[in-house]
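# Structural overview for review
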Amino acid sequence: MNKVLVIAEHAGGSLNPATAKCVTCAASVPDAEVTVAVFAADGAGVAAQAAALKGVAKVLLVENAANAQPLAAVLAPQVVKVAAGHGYVFGPSTTFGRDLMPRVAALLGVPQLSDVMAVESATRFKRPVYAGNAITTVEVAPGSVIACTVRVASYESAPAGGNATVEKLAVDVPLPSHTRFVTVSAAKSDRPDLQTAPRVVSGGRALGSAENFEIIYRLAAKLNAGVGASRAAVDAGYAPNEMQVGQTGKIIAPELYVAIGISGAIQHVTGIKDARTIVAINKDPEAPIFEIADIGLVGDLFTLLPEIERLI
Amino acid sequence: MRKILVGVKRVIDYNVRIRVKPDGTGVVTDGVKMSINPFDEIALEEALRMRERGEAAEIIAVCIGPDDAQQQLRTALAMGADRAILVKHDGPVDPLVAARTLHAIAQKESPALVIVGKQAIDDDAAQTGPMLAALWDRPQATFASKVEFKGETLVVTREVDAGLETDEVDLPAVITADLRLNEPRYVKLPDIMKAKKKPLDVTDLASLGVDAGSPAQVVRWEPPAQRQKGVMVKDAAELVDMLKKKGLI
Ligand SMILES: Cc1cc2nc3c(=O)[nH]c(=O)nc-3n(C[C@H](O)[C@H](O)[C@H](O)COP(=O)(O)OP(=O)(O)OC[C@H]3O[C@@H](n4cnc5c(N)ncnc54)[C@H](O)[C@@H]3O)c2cc1C
């Protein structure tokens, strides 16, 4: 048995979809027994959601008022305690996992494999480097705990249909007070979530202003799509930071990705390589985005978008 | 007065098109332009601005890398770092090794703040900052897009998946810099001249008591799967038609 501990990500009482993808990756470790650990102030609901995922053998619920917000410095020592006896510790390569998991790995005294995209054997993993322009195969020496973040865009969600037991656990470890949560300004929107939406429409620098970016939202609404943006569009203030797609933003894998007025810099393209179909609209026929687009359309977005809107 | 330690990694310049060697042992580096990791440049810029506002007195740039990495440290000195430390090591540096090295230096220098990039654009690992914070048993504020002093604490705005998170951390602390924290300054010629006279100490991992070994080893490199070349459509109608036929809309 290879015991794999998956650290659940959640907010507002809901399990983040990234966790179901982590479970799929964890279950692909040969001879895996997957346990999901939920750290929360009040986590019965989240634990029940994790227990319903197929492939999960057990859910450990660690409740503590200090776990109301996912602060890495507070969670990491608890994760280390719970990880005892496990050969693998996995978390998602979301900002939650990228913040927490290296802290856990360092406390465990082991290296971390970031953005695992394939499990080749119990000790062999594939992960991208150089913004996805090279793929490495990493071998971990036996006997070392294997700590990973999972590149969620590489995995399907574990389906429902599981019926794992939920076990409450008291973790007795001193927690630091040197790090304090103040606030999170999450823009509320009823648009589909960028990271899980089957369709995504993204706008780039070409939009020219936050007002003009409205036409991206309009097209997205018509398609029931999530909305993304290039770094240039975010830097210029046309779109908020959580919409950035790419090497240093979100890595997504929708069925349909529509890039509008985006040139196709490698740092952007690395975020959409796993999209099933990429559509590019750009007035420059030489734009690099056309090298990776499945369907390309050359023209001015300000005339094309209203036409497209009308036609769908 | 406060000292700030800044991590500076030498990486292939972000404009270079990366090519995997045909024998699968790495990527082509011969004759390729090397630069400071862009996120580390942002980290250094933030430290410089703190010193300019009187919030810090001394900035030390640290690089773990080959002899040639002195170039990147000279650039850091030209940007305005007060002194530099090169920890000589040939070959790849696992982030845990980097974190142990920075930890050893932090114990010697007792900085109020360590700022590193949120990730390096070569291994894209995004681990060094949080690992250092763990070993040092100090706070971490990752993906920072705004950092402000409030007495002996720092108020940090962080770019997280949900939006912007604000945390408060006590000093000493580790910050990892995100893209929108600032725009790094350009180096001017007189600064390059001045930088030549600034101290650059050279040491190595063994002298700091750090073992370079790692249980994780890259055994193969390969290029990513290529996407099939697509088709061009002539107008909006043809595009919408095609998407409908494919069942995508
Ligand atoms: C360390 C680092 C990390 C980075 N991380 C990311 C990242 O995560 N995500 C990301 O996106 N970028 C990232 N970048 C930035 C990236 O290199 C590019 O600068 C950025 O993606 C460009 O955004 P853009 O395509 O919107 O703008 P541009 O490159 O300026 O492209 C605008 C495009 O719009 C087209 N256009 C203009 N007007 C019209 C019109 N009226 N109709 C149709 N088309 C029009 C132009 O032909 C052009 O192709 C990173 C860069 C660095 C150095």
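The sections below set out a description of the structure shown in this document.

Cut-off values and rules
Residues numbered from 1 in each chain as written. Chains lettered and ligands numbered in written order. Predicted model: local features only at pLDDT ≥ 70, side-chain atom pairs only at ≥ 80, totals over all residues. Heavy atoms only, no water. Pairing = 2+ DSSP bridges. Helix = DSSP H or I, 4+ residues; strand = E, 2+ residues; numbered from the N terminus. Axes fitted to C-alpha atoms, helices over the stretch in contact; angles between N-to-C directions. Contact = heavy atoms within 4.5 Å. Near = heavy atom within 4 Å. Areas by Shrake-Rupley, 256 points an atom, 1.4 Å probe, with all protein chains shown as cover. Nonpolar A, V, L, I, M, F, W, Y, C, P; charged D, E, K, R; others polar. Phe/Tyr/Trp six-rings, centres within 6.5 Å; stacked < 30°, edge-to-face > 60°. Buried < 20%, exposed > 50% of the residue type's maximum accessible area, 1.4 Å probe, protein only. Buried area = accessible area lost by both parts, 1.4 Å probe. Salt bridge = Lys/Arg side-chain N within 4 Å of Asp/Glu carboxyl O. Polar contact = N/O pair within 3.5 Å; in protein donor to acceptor, adjacent residues only side chain to side chain.

## Details of the sheet that holds strand β17 (residues 277-282) of chain A
Hydrogen bonding along the main chain pairs the strands of a sheet, whether they run parallel or antiparallel. Read across the open sheet, the six strands follow the order β15(A)-β14(A)-β16(A)-β17(A)-β18(A)-β13(B); overall the sheet is parallel. Each edge of the open sheet carries a strand with a single partner, namely β15 (226-229) of chain A together with β13 (231-233) of chain B. The mean inter-strand angle of the sheet, taken between neighbouring strand axes irrespective of direction, is 20°. Of the strand pairs in this sheet, β17 of chain A and strand β18 (residues 295-298) of chain A are connected by four bridges, and their pairing is parallel. Looking at β18 of chain A, one finds that Ala280 of chain A is bridged to Gly296 of chain A. Helix α5 (residues 214-223) of chain A rests against β14 (199-203), β15 and β16 (256-260) of chain A of the sheet, and its axis sits at about 170° to β14 of chain A. Strands β16, β17 and β18 of chain A together with β13 of chain B of the sheet are contacted by helix α6 (residues 236-245) of chain B, whose axis makes an angle of about 165° with β18 of chain A.

## Focus on the site of the ligand
Around the ligand, the surrounding shell holds 30 residues, and the nearest of these are Arg205, Ser230, Val245, Ser263 and Asn282 of chain A. Nearby residues around the ligand are contributed by chains A and B. In isolation the ligand offers 980 Å² of accessible surface; the protein chains occlude 85% of this area. Elements with a minimum of two residues in the shell around the ligand: α6 (231-235), α7 (266-269) and α9 (301-311) of chain A together with α1 (38-52) of chain B. Among the residues making up the shell around the ligand, the classes are represented as 12 nonpolar, 13 polar and five charged.

## A short note on the packing of aromatic side chains
Here the structure, examined in full by the defined rule, presents three aromatic pairs over all chains. Ring centres of Tyr130 of chain A and Trp221 of chain B lie 6.5 Å apart, and the angle between their planes is 45°; on these two criteria the pair is classed as tilted. With one member in each of two chains, Tyr130 of chain A in the loop between β9 (124-129) and β10 (134-140) and Trp221 of chain B in strand β12 (residues 216-222) form a pair that bridges those chains. Looking at Trp221 of chain B, the relative accessible area reads 18%, which means it is buried.

## Some details on the pairing of strand β10 (residues 173-177) of chain B
All names here are of chain B. Most of β10 is tucked away: five of the five residues are buried. Neither face of β10 is exposed, since Ala173, Ile175 and Ala177 on one face and Val174 and Thr176 on the opposite face are all buried. One ladder, built from five bridges, connects strand β6 (residues 113-117) with β10; its direction is parallel. Bridging across to β10, Ile115 finds its partner in Ile175.

## A closer look at unusual backbone geometry
Between Leu171 of chain B and the following residue, Pro172 of chain B, the backbone shows a cis peptide bond with an omega angle of -10°. In this fold, Pro172 of chain B is placed in the loop between β9 (163-170) and β10. Positive phi outside glycine occurs at Ala131 of chain A, with the angle close to 55°. Looking at where Ala131 of chain A falls in the secondary structure, it is placed in the loop between β9 and β10. Its identity is not glycine, yet Ala126 of chain B carries a phi of approximately 60°, on the positive side. By the element assignment, Ala126 of chain B lies in the loop between β6 and α4 (128-136).

## Some details on the interface of chain B and chain A
Residue-level contacts link 76 residues of chain B with 86 residues of chain A. Here chain B and chain A share an interface that buries about 6,700 Å² over both sides, 55% of which is from carbon and sulfur atoms. Of all residues in chain B, Asp161, Arg180 and Arg227 of chain B bury the most surface against chain A, accounting for 12% of the area lost on that side. On the surface where chain B and chain A come into contact, there are six salt bridges. Its salt-bridge partner being Arg180 of chain B, residue Asp235 of chain A comes within 2.8 Å of it at the nearest N-O pair. The interface formed by chain B and chain A holds 42 residue pairs in polar contact (both at pLDDT 80 or more) in total. Going through the elements one at a time, α3 (95-109), α4, β7 (140-150), β8 (153-160), β9, β12, β13 and α6 of chain B are the ones with two or more residues in the side of chain B that touches chain A. The greatest single-element share of the side of chain B that touches chain A, amounting to eight residues, is contributed by β9 of chain B. Residues of the side of chain B that touches chain A, tallied by class, amount to 40 nonpolar, 11 polar and 25 charged.

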